[in-house]
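Take a look at the letters that make up each chain.
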Amino acid sequence: MEKQIIAKEVRKDMEYLLKLLHREWERSGKTKAAVTVRLGDVPEIKNRMVMVIKDKQKQLNNEELSFKQSMELSKNNFVLLRLVKKVKKAEEKTVKKGLNMEFSLELDKEEYKLFVDIVGIQEG
């Protein structure tokens, strides 16, 4: 009986911790870099992001993940979600203006690293 009560408390504490982590991961960090994206490149960038999302979905569906791996994957998914939102919002804003052929994205360290991985930028 006591073990069940302790297990319920631990589960409740873990759920609370995960809520806090998700809230933290939803927020972008301090801007590390700004990248400029041409509107003509957006369809390819979107395709690449979709491929990353599909790959992550396969990982979730096909693998037995440890708790640590599950948390890493969850965090990476939140970073990807932030990046997708930023690209979509900036693209829509630029298209709405109608004049600009490119837009700039302000990215934190994690978003920038993921963007570089997805787009394949060679840093010099």
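Here, the structure is the one placed above.
Conventions we followed
Residues numbered from 1 in each chain as written. Predicted model: local features only at pLDDT ≥ 70, side-chain atom pairs only at ≥ 80, totals over all residues. Heavy atoms only, no water. Helix = DSSP H or I, 4+ residues; strand = E, 2+ residues; numbered from the N terminus. Rg over C-alpha atoms; globule rule 2.2 N^0.38 Å. Phe/Tyr/Trp six-rings, centres within 6.5 Å; stacked < 30°, edge-to-face > 60°. Buried < 20%, exposed > 50% of the residue type's maximum accessible area, 1.4 Å probe, protein only. Expected span 1.5 Å × (residues − 1). Contact = heavy atoms within 4.5 Å. Salt bridge = Lys/Arg side-chain N within 4 Å of Asp/Glu carboxyl O. Axes fitted to C-alpha atoms, helices over the stretch in contact; angles between N-to-C directions. Parallel < 35°, antiparallel > 145°, perpendicular 65-115°, else oblique. Lys, Arg positive; Asp, Glu negative; His and termini not counted.

Peer 1: Could you give me a rundown of the overall build of the protein, with the residues and numbers involved?
Peer 2: Across its full length, the protein carries four helices and two strands. Element order for the protein, N to C, with α for helix and β for strand: α-β-α-α-β-α. For 124 residues, the compact-globule formula gives about 14 Å, and the C-alpha radius of gyration of the protein, at 18 Å, lies well above that figure. Projected onto its principal axes, the C-alpha positions of the protein cover 70 × 30 × 30 Å.

Peer 1: Got a sec to walk through the packing of aromatic side chains? Specific residues and values, please.
Peer 2: Inspection of the entire model under this criterion finds one aromatic pair. Seen in terms of ring centroids, Trp25 and Phe78 are 5.8 Å apart; in terms of plane orientation they differ by 55 degrees. Their pairing is tilted. Note that Trp25 is positioned in helix α1 (residues 2–26) and Phe78 in helix α3 (residues 67–97), a separation of 53 residues in sequence. One exposure class covers both Trp25 and Phe78, and it is buried.

Peer 1: I'd like a description of helix α2 (residues 42–62), backed by residues and values.
Peer 2: Taking 1.5 Å as the rise per residue, α2 with 21 residues should run 30 Å; its terminal C-alpha atoms sit 30 Å apart, in good agreement. On the buried face of α2, the contacting elements are β1 (31–38), α3, β2 (102–108) and α4 (109–119).

Peer 1: With reference to specific residues and values, describe the pattern of salt bridges.
Peer 2: Side chains that differ in sign of charge can pair as their charged atoms come close. Applying the stated criterion across every chain yields a total of 12 salt bridges. With a closest N to O distance of 2.9 Å, Glu44 and Arg48 form a salt bridge. Here Glu44 pairs with Arg48, and both are found in helix α2, just four residues apart, close to one helical turn. Residue classification places Arg48 among the partly exposed positions, given a relative accessible area of 32%. The shortest N-O distance in the salt bridge between Lys113 and Asp117 comes to 3.5 Å. Of the two residues, Lys113 and Asp117 both sit in helix α4, four residues apart, roughly one turn of that helix. Across this residue pair, the class does not change: Lys113 and Asp117 are exposed. Salt bridges sharing partners connect three or more residues here, namely Lys75, Arg82, Lys86, Asp108, Glu110 and Glu111.

Peer 1: Got a sec to walk through the packing of α2 against α4? Specific residues and values, please.
Peer 2: At a minimum axis separation of 9 Å, α2 and α4 run at an interaxial angle of 105 degrees. As judged from the angle between their axes, α2 and α4 are roughly perpendicular. The segment α2 lies against α4, with Ile45, Arg48, Met49 and Val52 engaging Phe115, Ile118 and Val119.

Peer 1: Describe in detail the side chain of Lys56, supporting the description with residues and values.
Peer 2: By secondary structure assignment, the location of Lys56 is in helix α2. Buried charged residue Lys56 carries no salt bridge. Nearest counter-charge: Asp55, at 6.0 Å. When near neighbours in sequence (up to four residues on either side) are disregarded, Lys56 contacts Leu73, Asn76, Asn77 and Leu80.

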